[in-house]
Amino acid sequence: MRDAVIVDACRTPIGKRNGSLAGIHPADLTAHVLRALVERTGLDPAEVDDVVWGCVTQVGDQSGNVGRVGLLAAGWPESVPGTTIDRKCGSSQQAVAFAAAGVISGQYDLAVAGGVESMSRSAMGSNTAGGAPYPDTVLQRYDVERFNQGIGAEMVAEKWGLSRAQLDEYSARSHERTAAAADAGAFDAQIAPIGGLTADEGLRRGTTVDTLAGLRTAFKDDGVITAGNSSQISDGAGALLITTSEIAAQHGWTPLARIHTTVVAGDDPVIMLTGPIPATEKALERSGLAIGDIGAFEVNEAFAPVPLAWQAEVGVPDEALNPLGGAISVGHPLGGSGAILMTRLVHHMRDNGIRFGLQTMCEAGGMANATILELL
């Protein structure tokens, strides 16, 4: 039976909004990580059956199928196709799942999966173009005037009894962990520097609970969600080369990990951000693994209540949850985040001899992806 393995994974540094990467077209960010994969592996791009690419705000510079445009910008042969998909924040994690399914089924031999988002150039929400994505039939079903992730985060915090102090403590820890990992060189082998940027730009060293406590709430006057305990608006891209164990051996490649299990789940679209809980349960059930078998967990830090509520339900020790920090400390370039997070996870697993890792991300509309990787 065919399997799906990750031969290599790389990413750009994550740039702050209107920061060092803002002047780079998202197709060129895409091209950069595609070229980096070629340089790192010796891949012949002509052998790639498809480029499966995530991007959320597909408007302006990110319209016109940025996955295909990006591979052309990389100088890859015109014979290589590319597609761009949108599963909100989990778009590039879903791209990995689709690529893995294509490889396992035999539709692909070699695929590249990943994603990009330049939130500096295509502002979040601009793809609605003043339209109304949710018709009255949906709004009436849930008795709401609109869906709002920030309000959803407030609802999660309230449901799980998470205080402002707990959220700020978690967020300060995210910065501390990212700083420690960066200082230890944990990201060096995975980052393909670009535009003079060699490290993640959003890290705020020295962030403390006291400094975070001084920030105003963002969505409710009496709420707990602030810019400091939410993910940063960012720019970036990541890419993974996926094939079978047999084909990897034919090319002389030693894969990093096997894509063991992929699932997607749906949940309440009003509270919106709880999907990682059922997605994790579904992934464990489908994989036959127990929570204790997993050595590292990446739960995207869209808002601090998301990983904390997930942790309360799943029961994972602090040291195993987001050991390198996350989107609160370095940023969340929507369509690129799944691939960036998976790049971080697979390199962390390799560097620390962790057999199984699990990644999950909440997504607008009350969805979530979950992926289990197995170290090879």
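Right, let's walk through the structure included here.

Analysis parameters
- Residues numbered from 1 in each chain as written.
- Predicted model: local features only at pLDDT ≥ 70, side-chain atom pairs only at ≥ 80, totals over all residues.
- Heavy atoms only, no water.
- Core = buried A, V, L, I, M, F, W, Y, C linked by side-chain atoms within 4.5 Å.
- Buried < 20%, exposed > 50% of the residue type's maximum accessible area, 1.4 Å probe, protein only.
- Helix = DSSP H or I, 4+ residues; strand = E, 2+ residues; numbered from the N terminus.
- Contact = heavy atoms within 4.5 Å.
- Salt bridge = Lys/Arg side-chain N within 4 Å of Asp/Glu carboxyl O.
- 1 Å grid on protein atoms, 1.4 Å probe; cavity = no way out; pocket = protein on both sides within 12 Å on 5 of 7 lines; lining within 4 Å.
- Points joined across faces, edges and corners; volume = space filled by probe spheres on them.
- Phe/Tyr/Trp six-rings, centres within 6.5 Å; stacked < 30°, edge-to-face > 60°.
- Lys NZ or Arg CZ within 6 Å of the ring centre and 35° of its normal.
- Axes fitted to C-alpha atoms, helices over the stretch in contact; angles between N-to-C directions.
- Parallel < 35°, antiparallel > 145°, perpendicular 65-115°, else oblique.
- Nonpolar A, V, L, I, M, F, W, Y, C, P; charged D, E, K, R; others polar.
- Pairing = 2+ DSSP bridges.

### Brief notes about the nonpolar core
Counting 45 residues, the largest nonpolar core has L167, L273, I294, W310 and I372 as its most contacted members. Those elements that provide at least two residues to this core are α5 (149–159), α6 (164–183), β7 (257–266), α9 (276–287), β8 (296–299), α10 (305–314), β9 (356–363) and β10 (367–375). In terms of residues, this core owes the most to one element, α10, which gives five residues. In this structure I294 touches L284, L289, F356, G357, L358 and I372, once residues within four positions along its chain are discounted.

### Some thoughts on α10
Within α10, eight of the 10 residues are buried, leaving the element largely enclosed by the surrounding structure. What α10 keeps buried is the set P305, V306, P307, L308, A309, W310, Q311 and V314. Structurally, α10 contributes buried residues whose contacts are with α5, α6, α9, β8 and β9. Immediately downstream of α10, the backbone of G315 shows phi near 80°, a positive value.

### Observations concerning the pattern of salt bridges
The full count for this structure, using the stated rule, is 12 salt bridges. The shortest N-O distance in the salt bridge between R258 and D3 comes to 3.3 Å. You can see R258 sitting in strand β7 and its partner D3 sitting in the segment before β1 (5–11), a full 255 residues away along the chain. Accessibility expressed as a relative area gives 16% for D3, which makes it buried. For the salt bridge of R205 with D183, the shortest nitrogen-to-oxygen distance reads 2.8 Å. Remark: D183 occurs in helix α6 and R205 occurs in the loop between α6 and α7 (209–213); sequence separation between them is 22 residues. Taken individually, R205 and D183 each receive the classification exposed, so the pair is uniform in this respect. Residues participating in the shared-partner salt-bridge network are D3, R258, R355 and E374.

### As for the layout of surface pockets
Here the largest pocket defines a volume of roughly 1200 Å³. If you trace the largest pocket, you find 36 residues lining it, with M124, G125, Q149, L334 and A364 closest to the centre.

### Side note on the packing of aromatic side chains
With the rule as written, the count across this model stands at four aromatic pairs. Residues F219 and F303 carry aromatic rings whose centres are separated by 6.3 Å and whose planes lie at 70° to one another, so their mutual orientation is edge-to-face. In this pair, F219 sits in the loop between α7 and β6 (234–243) while F303 sits in the loop between β8 and α10, placing the two residues 84 residues apart along the sequence. Exposure remark for F303: the relative accessible area of 9% places this residue in the buried category. Its guanidinium or amino end placed over the ring of F187, R11 lies 5.4 Å from that ring's centre, counting from NZ or CZ.

### Some words on unusual backbone geometry
Positive phi, close to 65°, is recorded for N65, a residue that is not glycine. Here N65 lies in the loop between β3 (50–54) and α2 (66–73). The exposure class assigned to N65 is partly exposed, which follows from its relative accessible area of 27%. A positive phi is found at K88, a non-glycine position, where the angle reads about 55°. Along the chain, K88 turns up in the loop between β4 (82–85) and α3 (91–105).

### Quick word on the packing of α6 against α10
Following both chains from N to C, one finds α6 and α10 inclined at 100°, their axes separated by 10 Å at the closest point. Here α6 lies roughly perpendicular to α10, going by the angle between them. Packed against α6, whose contacting residues are Q166, L167 and Y170, the element α10 presents P305, P307 and L308 at the interface. Here the contact of α6 with α10 is composed, by residue class, of five nonpolar, one polar and no charged.

### Topic: the pairing of strand β5 (residues 111–118)
For a regular strand, side chains alternate in direction, first toward one face of the sheet and then toward the other. For β5, a buried count of eight out of eight residues is recorded, marking the element as mostly surrounded by other parts of the structure. Neither face of β5 is open: one carries A111, A113, G115 and E117, the other V112, G114, V116 and S118, and all of them are buried. Across five bridges, β3 lies against β5 in parallel orientation. Bridge pairing in β5 places G54 opposite G115. Taken together, the eight bridges between β5 and β6 define a ladder with antiparallel strand orientation. In the strand pairing of β6, E117 is matched with G236.

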